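# Topology and contacts: notes
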Amino acid sequence: MQLIACPWCGEREENEFHYGGQAHVAYPQDPYALDDEQWAEYVFFRDNTKGPFAERWVHAAGCRRWFNALRDTVTHEFLAVYDVRAKHPPTTSAAPAAPRRKDQEASR
Amino acid sequence: MTLPRDNAPARPSPATTLNRAPHPDAGPGDALPDHPDFLWRNPEPKRSYDVVIVGGGGHGLATAYYLAKNHGITNVAVLEKGWLAGGNMARNTTIIRSNYLWDESSGIYEHSLKLWETLEEDLDYPILFSQRGVLNLAHSLQDIRDSKRRVHANQLNGIDAEWLEPDEVAKVCPIVNVSPDVRYPVLGATYQPRAGIAKHDYVAWGFARRADVYGIDLIQDCEVTGLDIQGGRIRGVRTTRGPIAAGKVALAGAGHSSVLASMAGLRLPLQSHPLQALVSELLEPVHPTVVMSNAVHVYVSQAHKGELVMGAGIDSYNGYGQRGAFHILERQMAAALELFPVFARAHMLRTWAGIVDVTPDASPIVGLTPVEDLYLNCGWGTGGFKATPGVGWCYAHTIATGQPHPYNAPFTLDRFTTGALVDEHGAAAVAH
């Protein structure tokens with residue numbers, strides 16, 4: 001099973017996590033100002049990227065905390081995990097690597 | 001009821017190919033039979049066509065066939081980036097049914113089922129269409145209410161549907177465990193006797209062969225890399241085998257629809273997910289029908305050759321890699337074993353995944369786009385195979401006339417803005 005590096009718990013098996021779809025989709029600042037097209041965009045339209053994709057995950061069977069990940073939708077490889085308040089990381093191969101359990105232990 | 005036909009497609013007689021005496025100087029392979037007759041030409045792409053269909057799967061091939069047959073449009077190319085019908089057409093679990101809840105869905109899926117019933121004669125090709133019926137199991141009181149509501153809706157739409165109690169379920173499919181002593185007991189099922197399965201490869205080949213006879217060019221190994229749009233109108237496509245001009249372009253790219261549409265600057269409400277399926281080793285005929293369970297999340301039939309064919313829901317995350325996670329299959333097998341204890345000793349032979357493009361309301365998008373003469377067929381999610389002839393018929397009408405056919409008119413792209421959704425999540429009798 002694929003391992004996913006939770007930013008808080010380190011590498012855990014994939015079925016401990018739930019998927020939350022595209023990251024960085026903010027609730028509309030002024031919902032009353034939106035027309036039908038803008039509401040449709042917010043409710044129904046998401047990027048469907050082939051390649052590196054910023055998305056939300058939650059460690060449901062672990063620390064139960066949400067985090068963001070940059071994951072390649074073709075290879076399923078996690079290129080980075082990062083805080084939900086952080087900005088979208090660069091989508092190049094220079095993106096920071098996901099922390100591994102060894103790194104976690106070393107930093108404790 | 002149509003009985004299953006087990007006649008395979010025509011092949012050269014073994015007598016003419018196998019009995020050649022090997023030459024004394026014969027090299028390795030010389031004694032092997034000749035390649036069977038090719039079912040279609042493999043032409044070089046021309047510089048222009050009246051209609052270019054992007055995607056050589058079931059939907060693209062059926063659309064090409066009905067463009068020629070129903071509308072007399074034969075200056076058509078079907079462009080396929082890989083090999084013909086090697087995407088989801090080669091990966092689905094071949095279930096055909098029309099027992100959807102809403103009128104809009106009933107319309108197009110029942111139209112399709114009626115075409116399936118005469119398709120073998122129409123294509124003059126064996127497709128092993130077997131109307132062995134489908135059971136959609138109910139495991140809870142809410143399942144029972146939803147199922148009966150769907151049966152009533154189906155009957156009002158003229159679709160064969162009935163509600164079966166557990167003992168009647170056991171009569172239709174004796175190997176289903178209807179004992180009350182399981183975690184999710186079978187409390188009944190809806191039954192559509194006209195539903196069934198077909199041999200997916202033969203369906204694709206049948207459409208391809210007839211399209212080829214009409215003079216339609218089926219071009220494999222030809223990936224579309226761009227769409228030429230001038231003044232809000234499509235002019236042609238750019239491909240790995242050079243540019244091709246086109247009067248009209250029709251997209252039928254399934255899991256890659258978002259990628260294709262983005263070449264026209266179109267944003268679609270789709271998410272592409274892996275959907276996995278598997279087959280067992282070959283077994284004696286034990287499973288006479290198709291069984292689907294929404295609650296325990298598995299659907300099972302037995303192919304003519306004898307392998308059990310099973311599928312489940314999509315993998316949760318977006319993916320374009322045509323592979324999914326093993327724990328999804330593990331959960332699916334647990335569900336299958338609860339329903340069919342007799343499968344406990346069967347071995348899994350092979351698993352695979354396809355990429356399905358899922359819409360927010362689990363209904364397809366078929367029709368016009370903001371770009372003139374560019375047409376869209378996508379969003380069939382986990383259930384596109386059963387629609388193959390029906391959508392081919394309607395999409396061809398849309399392309400030929402520039403107006404949607406009444407059966408695909410409700411399935412517009414702008415329904416996500418207007419709110420006229422066709423919500424088949426759950427109501428479609430299958431887990432999405």
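This section reports on the structure supplied with the text. This structure is a prediction, so every number in the text was calculated from the model and none was measured.

### Brief notes about the overall build of chain B
In terms of regular secondary structure, chain B is built from 10 helices and 18 strands. A compact globule built from 432 residues should have a C-alpha radius of gyration of about 22 Å, and chain B, at 22 Å, falls within 12% of that. A burial count over chain B gives 56% of its 432 residues as buried. Nonlocal contacts in chain B, meaning residues at least 24 apart in sequence, comprise 76% of its contacts between residues at least 6 apart. When the accessible surface of chain B is summed, it comes to about 17,600 Å², and 54% of that surface belongs to carbon and sulfur atoms. Looking at chain B, you have 35 positive and 43 negative side-chain charges, and the mean spots of the two groups are 3 Å apart.

### Some details on the overall build of chain A
Across its full length, chain A carries two helices and six strands. Shown N-terminal to C-terminal, the secondary structure of chain A runs as helices and strands in the order β-β-β-α-β-β-β-α. The 108 residues of chain A split such that 37% are buried. Across chain A, the fraction of contacts at a sequence separation of at least 24, relative to all contacts at a separation of at least 6, is 44%. Put simply, chain A shows about 6,500 Å² of open surface, and 49% of that area lies on carbon and sulfur atoms.

### Here's the deal with the interface of chain A and chain B
Often, the extent of an interface is quoted as the loss of accessible area on bringing the components together. Taken together, the contact between chain A and chain B spans 23 residues of the former and 24 residues of the latter. In total, about 2,100 Å² of surface goes out of reach between chain A and chain B, with carbon and sulfur atoms giving 52% of it. Of all residues in chain A, Phe44, Phe45 and Asn48 of chain A bury the most surface against chain B, accounting for 32% of the area lost on that side. Linking Glu41 of chain A and Arg267 of chain B is a salt bridge whose minimum nitrogen-to-oxygen distance equals 2.8 Å.

### Here we look at the nonpolar core
All names here are of chain B. In this structure, Trp116, Phe207 and Leu218 are the most contacted members of the largest nonpolar core, which totals 50 residues. At the level of elements, strand S1 (48–54), helix H2 (58–71), strand S2 (76–79), helix H3 (103–123), helix H6 (200–213) and helix H9 (388–401) are the ones that each hand at least two residues to this core. Those residues in contact with Trp116, other than ones at most four positions away along the chain, are Ile96, Ile127, Phe129, Ala198, Val203, Phe385, Lys386, Thr388 and Pro389.

### Structural notes on unusual backbone geometry
Leaving glycine aside, a negative phi is the common case for residues, and trans is the common case for peptide bonds. For Arg64 of chain A, which is not glycine, the phi torsion reads 60 degrees and is therefore positive. For Arg64 of chain A, the position within the fold is in the loop between strand S4 (52–58) and strand S5 (66–72). Judged by its relative accessible area of 65%, Arg64 of chain A is exposed. Unusually for a residue other than glycine, His297 of chain B sits at a positive phi of about 70 degrees. The topology assignment puts His297 of chain B in the loop between strand S13 (290–293) and strand S14 (298–302).

### Describing the pattern of salt bridges
Within the structure shown, the criterion is met by 17 salt bridges over all chains. For Glu55 of chain A, the salt bridge goes to Arg71 of chain A, with nearest N and O atoms at 2.3 Å. A residue pair is termed long-range when its members are at least 10 positions apart, and Glu55 of chain A in strand S4 and Arg71 of chain A in strand S5 qualify at 16 residues. The class of Glu55 of chain A is buried, set by a relative accessible area of 0%. The residue Arg233 of chain B makes a salt bridge to Asp373 of chain B at a minimum N-O spacing of 3.0 Å. With a gap of 140 residues between them, Arg233 of chain B in strand S10 (residues 233–239) and Asp373 of chain B in the loop between strand S17 (365–368) and strand S18 (374–378) connect regions that are remote in the sequence. Given a relative accessible area of 32%, Arg233 of chain B falls into the partly exposed group.

### Notes on the sheet that holds S14 of chain B
Residues and elements named next belong to chain B. A sheet is described by the order of its strands in space; here eight strands give the open sequence S5-S6-S4-S13-S14-S15-S12-S16, paired in mixed fashion. Edge positions in the open sheet fall to strand S5 (162–164) and strand S16 (348–358), since each of these has one partner strand only. Strand-to-strand twist across the sheet, computed as the mean angle between neighbouring axes with direction ignored, equals 20 degrees. Across three bridges, the pairing between S5 and strand S6 (residues 188–192) is antiparallel. The partner of Glu162 across the bridge, within S6, is Tyr191.

### Considering the sheet that holds S5 of chain A
Residues and elements named next belong to chain A. Pairing in this open sheet of four strands is antiparallel, and the strands run S3-S4-S5-S6 from one edge to the other. Two strands in the sheet have a free side with no partner beyond their single neighbour: strand S3 (18–22) and strand S6 (78–82). Ignoring strand direction, the axes of neighbouring strands in this sheet form an average angle of 30 degrees. Bridge count between S5 and S6: four bridges; the pairing is antiparallel. Looking at the pairing, Leu70 lines up with Ala80 of S6.

### Some words on H9 of chain B
Residues and elements named next belong to chain B. For H9, which comprises 14 residues, the first-to-last C-alpha distance of 20 Å matches the rise-based estimate of 20 Å (1.5 Å per residue) to within 8%. Most of H9 is tucked away, with 10 of its 14 residues classed as buried. Residues of H9 that are buried include every one of Thr388, Pro389, Gly390, Val391, Gly392, Cys394, Tyr395, Ala396, Thr398 and Ile399, and no others. In the stretch just after H9, Gly402 is the one whose phi turns positive, near 75 degrees.

### Let's talk about the packing of H3 of chain B against H9 of chain B
Any two packed helices are characterised by the angle at which their axes cross and by the distance between the axes. Residues and elements named next belong to chain B. Look at H3 against H9: their axes get within 7 Å of each other, and the N-to-C directions meet at 110 degrees. If you check the angle between H3 and H9, you find them roughly perpendicular. Between H3 and H9, the residues in contact are Ile108, His111, Ser112, Leu115, Trp116 and Leu119 and Thr388, Pro389, Gly390, Trp393 and Cys394, respectively. Looking at the contact of H3 with H9 residue by residue, the classes come out as seven nonpolar, four polar and no charged.

Quick notes on the rules
- Residues numbered from 1 in each chain as written.
- Chains lettered and ligands numbered in written order.
- Predicted model: local features only at pLDDT ≥ 70, side-chain atom pairs only at ≥ 80, totals over all residues.
- Heavy atoms only, no water.
- Helix = DSSP H or I, 4+ residues; strand = E, 2+ residues; numbered from the N terminus.
- Rg over C-alpha atoms; globule rule 2.2 N^0.38 Å.
- Buried < 20%, exposed > 50% of the residue type's maximum accessible area, 1.4 Å probe, protein only.
- Contact = heavy atoms within 4.5 Å.
- Areas by Shrake-Rupley, 256 points an atom, 1.4 Å probe, with all protein chains shown as cover.
- Lys, Arg positive; Asp, Glu negative; His and termini not counted.
- Charge placed at Lys NZ, Arg CZ, Asp CG, Glu CD.
- Buried area = accessible area lost by both parts, 1.4 Å probe.
- Salt bridge = Lys/Arg side-chain N within 4 Å of Asp/Glu carboxyl O.
- Core = buried A, V, L, I, M, F, W, Y, C linked by side-chain atoms within 4.5 Å.
- Pairing = 2+ DSSP bridges.
- Axes fitted to C-alpha atoms, helices over the stretch in contact; angles between N-to-C directions.
- Expected span 1.5 Å × (residues − 1).
- Parallel < 35°, antiparallel > 145°, perpendicular 65-115°, else oblique.
- Nonpolar A, V, L, I, M, F, W, Y, C, P; charged D, E, K, R; others polar.

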